[in-house]
Amino acid sequence: MGQACAARGQLFHSVVLNEANGIERYRILAPTEWNFHPQGVVSCSLKTLQGDRQQIEAQAHQLIRAIDPCVAYKLTVGGPRGSGHA
């Protein structure tokens, strides 16, 4: 198991070897998975944005790019909570 502090957050690697010292299982937990988790920094930060629809959309793009510029995304700005808009 190993970890490193990367520019976008913590990066974890885990390897399990078999009896012949070959790789049986290898897993990576990248900063993007932390950042874009439903309870992660992006989701929590998006909930705090204020302004009209255009301002919120501009702020959201800036926020996402600042936190993780390496990820492709599609942004959809909905209406006020409880308004029935998606």
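As a reminder, the structure under discussion sits directly above these lines.
The structure presented is a predicted model; accordingly, all values stated were derived computationally and were not measured. All residue numbers here refer to positions counted from 1 along the written sequence of the relevant chain. Only residues with pLDDT of at least 70 are given local features in this predicted model, and only at 80 or more are side-chain atom pairs given and counted; all residues enter the totals for whole chains, interfaces and linings. The side-chain figures draw on all heavy atoms in the structure; neither hydrogens nor water molecules are used.

K.L.:
Looking at this model, I keep getting lost on the overall build of the chain. Mind explaining?
P.N.:
Assigned secondary structure in the chain consists of 3 helices and 3 strands. Along the chain, helices (α) and strands (β) appear in the sequence β-β-β-α-α-α when read from the amino end. Every radius of gyration here is taken over C-alpha atoms, with the globule rule written as 2.2 Å times N^0.38, N being the number of residues. The globule rule puts the C-alpha radius of gyration for 86 residues at 12 Å, and the 18 Å found for the chain is more than 25% above it. Counting across all 86 residues of the chain, residues that qualify as buried make up 14%. When checking whether two residues touch, look at their non-hydrogen atoms; a contact exists if any pair is within 4.5 Å. Taking the contacts inside the chain whose residues are at least 6 apart along the sequence as the reference set, 24% of them involve residues at least 24 apart. Secondary structure is summarised from DSSP: a helix means a run of H or I of at least four residues, a strand means a run of E of at least two, and numbering begins at the N terminus for each. Throughout this description, buried means an accessible area under 20% of the type-specific maximum (1.4 Å probe, protein chains only), exposed means over 50%, and partly exposed covers the range between.

K.L.:
Teacher, can you tell me more about unusual backbone geometry here?
P.N.:
Trans is the prevailing form of peptide bonds, just as negative phi is the prevailing case for residues other than glycine. Even without being glycine, Asn-21 reaches a positive phi, approximately 65 degrees. For Asn-21, a relative accessible area of 59% corresponds to the exposed category.

K.L.:
Explain the environment of Pro-69 to me, please; I cannot follow it from the model alone.
P.N.:
For Pro-69, the location among the structural elements is in the segment after helix H3 (53-67). Taking C-alpha positions, Pro-69 is 8.7 Å from Arg-8, a pair spaced 61 residues apart along the chain. Contacts of Pro-69, omitting those with residues within four sequence positions, involve Arg-8 and Ile-64.

K.L.:
Just to check I follow, could you spell out the pattern of salt bridges for this structure?
P.N.:
Oppositely charged side chains are able to pair whenever their charged atoms sit close together. Salt bridges, as used here, are contacts in which a Lys or Arg side-chain nitrogen is within 4 Å of a carboxyl oxygen on Asp or Glu. The full count for this structure, using the stated rule, is 1 salt bridge. For the salt bridge of Asp-68 with Arg-8, the shortest nitrogen-to-oxygen distance reads 3.0 Å. Within this pair, whereas Asp-68 is found in the segment after H3, its partner Arg-8 is found in the loop between strand E1 (2-6) and strand E2 (9-17), the two being separated by 60 residues in sequence.

K.L.:
In this structure, what is going on with the sheet that holds E1? I would like to understand it.
P.N.:
The strands that make up a sheet are held in pairs by hydrogen bonds between backbone atoms, and each pair lies either parallel or antiparallel. Sheet architecture is open: 3 strands sit in the order E1-E2-E3, paired in antiparallel fashion. At either end of the open sheet lies a strand with only one pairing partner, and these are E1 and strand E3 (23-29). Direction aside, neighbouring strands of the sheet carry axes that sit 15 degrees apart on average. Two strands pair if DSSP finds at least two bridges between them. Where E1 lies against E2, 5 bridges are found, and the strand directions are antiparallel. Each bridged residue has a counterpart across the sheet, and for Ala-6 the counterpart in E2 is Gly-9. Fitted lines through C-alpha atoms give the axes, limited to the stretch in contact for helices. The angle between two N-to-C directions lies from 0 to 180 degrees.

K.L.:
Even after reading the chapter, I still don't get the packing of aromatic side chains, so can you show me in this structure?
P.N.:
Any aromatic ring pair is given by two values, namely how distant the centres are and how the planes are angled relative to each other. Any two rings among Phe, Tyr and Trp, with Trp reduced to its six-membered ring, count as a pair given centres within 6.5 Å; such a pair is stacked if its planes are under 30 degrees apart, edge-to-face if over 60, and tilted if neither. Inspection of the entire model under this criterion finds 1 aromatic pair. Consider the rings of Phe-12 and Trp-34, whose centres lie 6.1 Å apart with planes at 50 degrees: the pair is tilted. Here Phe-12 is found in strand E2, whereas its partner Trp-34 is found in helix H1 (residues 31-35), with 22 residues between them in sequence. Under the relative-accessibility criterion, Phe-12 is labelled partly exposed at 22%. When its relative accessible area of 44% is taken as the criterion, Trp-34 is described as partly exposed.

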